[in-house]
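Chain by chain, the residues:
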Amino acid sequence: MRLVCCCCGRFQVTVELVRGRHRYRLTHRYPARFGGGKNVLGEVGTVAELEELLRRRTPLGLADLREAA
């Protein structure tokens, strides 16, 4: 599953199942005019930790994310 921010789409959260546990990875995508690419901002194991990571590293909250098509 992949979630992106509603405002610009540059912040992305992916949910992966690793060894039977969910991992939430927050990444920042750079626009093509800056060479593209991704920067991993953090990886956590719970939704509460994800909320804290979003608060510390981005101007977003959980309510600002939507499922990507």
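Whatever comes next refers back to the structure up there.
A short tour of the structure in this document, coming up. (Residues numbered from 1 in each chain as written. Predicted model: local features only at pLDDT ≥ 70, side-chain atom pairs only at ≥ 80, totals over all residues. Heavy atoms only, no water.)

A few words now on the nonpolar core. Grouped together as the largest cluster of nonpolar side chains are 14 residues, with contacts concentrated most on Val13, Tyr24, Leu26, Leu50 and Leu65. For this core, the secondary-structure elements that each account for two or more residues are strand 1 (2-5), strand 2 (11-18), strand 3 (21-29), strand 4 (38-44) and helix 1 (47-57). Sequence-distant contacts of leucine 50, defined by excluding residues within four places in its chain, comprise Val13, Tyr24, Val44 and Leu62. (Core = buried A, V, L, I, M, F, W, Y, C linked by side-chain atoms within 4.5 Å. Buried < 20%, exposed > 50% of the residue type's maximum accessible area, 1.4 Å probe, protein only. Helix = DSSP H or I, 4+ residues; strand = E, 2+ residues; numbered from the N terminus. Contact = heavy atoms within 4.5 Å.)

Now for the pattern of salt bridges. For the coordinates displayed, the defined rule picks out 5 salt bridges. Among the salt bridges present, the one from arginine 23 reaches glutamate 43, with a minimum N-O distance of 3.4 Å. With arginine 23 in strand 3 and glutamate 43 in strand 4, this pair connects stretches of sequence that are 20 residues apart. With a relative accessible area of 35%, glutamate 43 lands in the partly exposed category. (Salt bridge = Lys/Arg side-chain N within 4 Å of Asp/Glu carboxyl O.)

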